[in-house]
Amino acid sequence: MERGHDIVLFGATGYTGALTAEYLATNAPRELRWALAGRDRDKLEAVRAELAEIDPDRPLPEILLADADDAPSIRNLAASARVVITTVGPYSEYGEPLVAACAAEGTDYVDLCGESAFVDRMYVRHHETAVRTGARLVHACGFDSIPHDLGALFTVEQLPEGVPLHVEGFVRAQGNVSGGTLHSAVGVLSDTAGTRAAARERRALEGEPEGRRVRVDSRGRPRTRLARGWTVPLPTLDPQVVVRSAAALERYGPDFSYGHYAAFRKLSSAVGTVGGMAGVMAAAQVPPLRERLLSLRPPGAGPTEEQLANGWFTVHFAGSGGGRRVHTRVSGGEPGYGATSGMLAESALCLWQDDLPPTSGQVTTAVAMGEALIRRLPRAGVDFEVLRTVED
Ligand SMILES: NC(=O)c1ccc[n+]([C@@H]2O[C@H](COP(=O)([O-])OP(=O)(O)OC[C@H]3O[C@@H](n4cnc5c(N)ncnc54)[C@H](OP(=O)(O)O)[C@@H]3O)[C@@H](O)[C@H]2O)c1
């Protein structure tokens, strides 16, 4: 189908959106026909002016005005693109009109959503439409959940086929939080009942894979030599995404389980982080404390250049099954924004350009792009390695 743009980036004036624009202006093929979208023309012009300085010979993106609160402008955006990237969040607040429009228009869609209730609601409301139109709706194309989803896939690919498999992921990271992420996280923590209700509604509709078993099992170990540290189960969107990939792909075998953990060198850091999270969770329930929390970082603000340069992440995976054990690692630069903007942009480029298995509807990164995206990610500084294989 002929569309005016290959890729439209919605939210280009925000903290992560501007980094994603910079990544595309530096790394995308020159023939890419793309646009920066947002609600404020002056701000969009300012972002475009900065891109012009990266490479004066490269064609600049067009500008497209669209507001999440103005449905026709969102429909127009979705109809004009082959792939839409959106960094307009919190997604629970602003995201649904664009998901609905992309599903209706058959437009591929990628976002940075780590809000599981939003992902579940979008599945319930728009998956079927997207299956009909052929749109691929891929949430969580940043640090949530690419290293974990594709790292688990990469680990599974090192193990025998057709046998029960267990994989564990151990995450260590150094990074900071933007205003958009803080507002999204506090939104999630203040509505745990809504999150549970959305998950129930999805389960009732989605069912289990036929003749196979997949599940999250984070009962694992308090300590791991693999990631050299103490571990704490990490109940983010990531393990849900990993088991959704396992449910969709036969390669994960007849009985697949996944455990997801944060790893800390020192026990005191593990205890401090758990205590800190409990404090944030408690504060998110009380409106005046929630407002205080949100005021710590306003929308648009994010890590400094120095913080971006010093950030890093590693995810160690232990996989076992069929008489083999493997140790793999996914690693990269500053997780939340540096590596994330590259992962998001490469996901969109992958959907636009690569020869991929035919999929549609709400799909994970492993299902929609899998190997093709793993091959692309070293360009964004995200590497996949096999560190050890042992035959039992
Ligand atoms: N999971 C991950 O790995 C990960 C990593 C990074 C970010 N994120 C998520 O990405 C999202 C963005 O984060 P951020 O820090 O980049 O946020 P941000 O700097 O606050 O940017 C938000 C963007 O949304 C735009 N926007 C807000 N309301 C709008 C509306 N009604 N219509 C059109 N545009 C609107 C803003 O435009 P204006 O400039 O006009 O205000 C801005 O461009 C958050 O949900 C965050 O949680 C996730």
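Figured I'd write up the structure that's included with this text. In this text the structure is predicted, and so the values were computed from the model without any measurement.

About the thresholds
Sequence order as written defines the numbering, with residues in each chain counted from 1. Where totals are concerned, whole chains, interfaces and linings use all residues; where local detail is concerned, this predicted model gives features only for residues with pLDDT of at least 70, and gives and counts side-chain atom pairs only at 80 or more. Side-chain numbers come from the whole structure's heavy atoms, not from hydrogens or water. Secondary structure elements follow DSSP: runs of H or I no shorter than four residues count as helices, runs of E no shorter than two count as strands, and numbering proceeds from the N terminus. Here the globule rule is a power law, 2.2 Å times the number of residues to the power 0.38, and the radius of gyration is based on C-alpha atoms. Only protein chains enter the accessibility calculation, which uses a 1.4 Å probe. A residue is then buried if its area is under 20% of the maximum for its type, exposed if over 50%, and partly exposed in between. Residue contacts are counted whenever heavy atoms from the two residues lie within 4.5 Å of one another. The Shrake-Rupley method, run with a 1.4 Å probe, gives the accessible areas here. Residue values count only the displayed protein chains as cover. All tallies of charge rest on Lys and Arg as positive and Asp and Glu as negative; His and the ends of each chain are not included. By convention, charge coordinates are those of NZ in Lys, CZ in Arg, CG in Asp, or CD in Glu. In this analysis, strands are considered paired if DSSP registers two or more bridges between them. Only heavy atoms are used to decide nearness, and a residue is near a molecule or strand if one of them lies within 4 Å of it. Any pair of N or O atoms that falls within 3.5 Å is considered a polar contact. Within protein, one atom must be able to donate a hydrogen and the other to accept it, and sequence-neighbouring residues count only if both atoms are side-chain atoms. Gly is placed with the polar residues, together with every amino acid not listed as nonpolar (Ala, Val, Leu, Ile, Met, Phe, Trp, Tyr, Cys and Pro) or charged (Asp, Glu, Lys and Arg). All domain edges in this entry derive from an automatic or database-based domain assignment.

## Some words on the overall build of the chain
Phase 1: Along the chain, the regular secondary structure elements total 16 helices and 15 strands.
Phase 2: Expected size for 392 residues packed as a compact globule is a radius of gyration near 21 Å; at 20 Å, the chain falls within 12% of this value.
Phase 3: Viewed in the frame of its principal axes, the chain has a C-alpha envelope of about 60 × 45 × 45 Å.
Phase 4: The 392 residues of the chain split such that 51% are buried.
Phase 5: Within the chain, residue pairs in contact and separated by at least 24 positions form 80% of the contacts whose partners lie at least 6 positions apart.
Phase 6: Here the chain displays about 17,400 Å² of accessible surface, and carbon together with sulfur accounts for 51% of that area.
Phase 7: Across the chain, the mean location of the 41 positive side-chain charges is 7 Å away from that of the 49 negative side-chain charges.

## Describing the sheet that holds strand β6 (residues 136-138)
Phase 1: Strand order in the open sheet formed by 7 strands is β3-β2-β1-β4-β5-β6-β14, and the pairing between neighbours is parallel. The strands lining the two open edges of the sheet, one partner per strand, are β3 (62-65) and β14 (361-362).
Phase 2: Judged from the 4 bridges that link them, strand β1 (residues 5-10) and strand β2 (residues 34-38) form a sheet pairing that is parallel. Paired with Phe10 across the two strands is Ala37, which belongs to β2.

## Re the site of the ligand
Phase 1: Thr13, Tyr15, Thr16, Ser178 and Ser184 are the nearest of the 32 residues found near the ligand.
Phase 2: A distance of 2.8 Å separates an oxygen atom of the ligand from a polar backbone atom of Tyr15.
Phase 3: Secondary-structure elements contributing two or more residues to the shell around the ligand are α1 (15-27), α4 (91-94), α8 (179-189) and α14 (335-353).
Phase 4: The residue inventory of the shell around the ligand, partitioned by class, reads 12 nonpolar, 14 polar and 6 charged.
Phase 5: When residues are assigned to domains, the shell around the ligand turns out to be shared by domain 1 (5-142 + 340-372) and domain 2 (146-336 + 383-391), each giving three or more.

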